[in-house]
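What the coordinates show
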Amino acid sequence: MTDLDERALPMTDSGILLAERPSVGRATIIGGPPPGAATLEAKGACAWFGERLVLEGVDLIMPAGQVTALIGPSGCGKSTFLRLLNRMHELIPGAALDGEILLDGDDIYATGTRAQQVRMRIGMVFQKPNPFPAMSIRENVLAGLKLARLKCDEKDDLVEQSLIRAGLWKEVRDRLDSAGGALSGGQQQRLCIARSLAVQPNVLLMDEPCSALDPTSTRRVEETIDELRGEVTVVIVTHNMQQANRVSDSCAFFLAAENQPGVVVEQGPTRKMFENPDDPRTLDYVEGRFG
Ligand SMILES: Nc1ncnc2c1ncn2[C@@H]1O[C@H](COP(=O)(O)OP(=O)(O)OP(=O)(O)O)[C@@H](O)[C@H]1O
Ligand SMILES: [Mg+2]
């Protein structure tokens, strides 16, 4: 094998080639999502809390296997938009929505489509790491599987794969039975990523996943996002412009004028959004002149 061949193979976080580890093929989950990344598309998405329209007419394509960053000042509807994307918005009393959210062309709000099924295909990682503190690391990784009543005959493999993909394996492989709550904040966030990845979703939504983390943990999570590229569609909300620039392929800039609903001002490839966007407000925002 030449050096070039070796570089082309995926590495684990422990620096071991995945292809050299027969135990780390992709574990099969019975009843789980179809394999691979999926394209998510919002068409005319609107959201209300009670009478108040907070998000209006969002059209956005989040291509399969790419990383899309949602940026914009506080209160412009980024988290609300993220919750529209996996049917969590409807869990809030008084919340309403309009428009379409298409997952590989199918409307996730179509009659007969179950929210739980959608959330299995479109996972979510929150700002504050939320592992089950008393459960072991292993149980935490398998928790989503249990909740969705999915069957997997290769649980050890699945735990290992999910922790490798989340960039945490090397740090926890000798203590899988320790409590999830005993990990550092950055490790807990990666454990939550592993838990989301264990059901093998097509899309992963991340709402400011690094805002509570130190720079080293932030870097690890960013590496994880980079490694997921191609395999999973990632949609990440971040207030950190360097992070948006580093991790995303494309960006959408959300903005809400005073007492007005949030809208997407501009969207496009990340480089263009940071170097020569069409709207002057985009450049002002990414260069830190407001927000
Ligand atoms: N549960 C709720 N009930 C009522 N209004 C809400 C609720 N959640 C959010 N809002 C309102 O909806 C608007 C959009 O909020 P959202 O949390 O989506 O903004 P955001 O862009 O994520 O902000 P931040 O960057 O601060 O997280 C805000 O005006 C907010 O006050
Ligand atoms: Mg938010």
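To keep things clear, this report deals only with the structure shown in the data block. Position numbers for residues count from 1 along each chain, tracking the sequence in the order it is written. Naming scheme: in the order in which they are written, chains are lettered from A and ligands are numbered from 1. The predicted nature of this model means local features are confined to residues of pLDDT at least 70 and side-chain atom pairs, given and counted, to a pLDDT of 80 or more, with totals for whole chains, interfaces and linings taken over all residues.

1. Looking at unusual backbone geometry
The condition is simple: What counts as a helix is a DSSP run of H or I of at least four residues, what counts as a strand is a run of E of at least two, and both are numbered from the N terminus. Three exposure classes are used. Buried residues have 20 or more other C-beta atoms within 10 Å of their own C-beta, exposed residues have 12 or fewer, and partly exposed residues fall in between, all C-beta atoms being placed from the backbone.
The backbone of R87 sits at a positive phi, close to 60°, despite the residue not being glycine. Mapped onto the elements, R87 comes out in the loop between helix 2 (78-85) and strand 5 (95-103). By C-beta crowding, R87 is classed as buried, having 20 other C-beta atoms within 10 Å. Despite not being glycine, E208 shows a phi value in the positive range, around 45°. Assignment of secondary structure puts E208 in the loop between strand 9 (203-207) and helix 8 (215-228).

2. Thoughts on the site of ligand 1
Rules: Whether a residue is near a molecule or strand depends on its C-beta atom, placed from the backbone, lying within 6 Å of it. Each residue gets one of three labels, nonpolar for Ala, Val, Leu, Ile, Met, Phe, Trp, Tyr, Cys and Pro, charged for Asp, Glu, Lys and Arg, and polar for the others, Gly among them.
The full set of residues close to ligand 1 is F49, V54, S74, G75, C76, G77, K78, S79, T80 and I92. Considering each element in turn, the shell around ligand 1 owes the most residues, three residues, to helix 2. Here the residues of the shell around ligand 1 are counted per class, giving four nonpolar, five polar and one charged.

3. Details of helix 8
Put simply, the test is: Multiply 1.5 Å by the residue count of a helix minus one, and that product is the helix's expected span. Whether two residues are in contact is decided by their C-beta atoms, placed from the backbone, lying within 7 Å.
Across its 14 residues, helix 8 extends 20 Å between first and last C-alpha, which sits within 8% of the 20 Å expected from 1.5 Å per residue. Those residues of helix 8 that fall on the buried side of the exposure criterion are R220, V221, E222, T224, I225 and L228. Each element contacted by the buried residues of helix 8 is listed here: strand 4 (67-71), helix 5 (155-165), helix 7 (185-198), strand 9, strand 10 (233-237) and helix 9 (241-247). In the segment just after helix 8, G230 is the residue with positive phi, at about 95°.

4. Observations regarding the pairing of strand 3 (residues 52-62)
Note the cut-off: Pairing between two strands is assigned when DSSP locates at least 2 bridges connecting them.
When strand 2 (residues 40-49) meets strand 3, the two strands line up antiparallel, connected through seven bridges. Residue L40 lies in a different strand from strand 3, and its bridge partner there is M62. What sits between the antiparallel neighbours strand 2 and strand 3 is a turn of two residues, in which G50 has the positive phi angle 60°.

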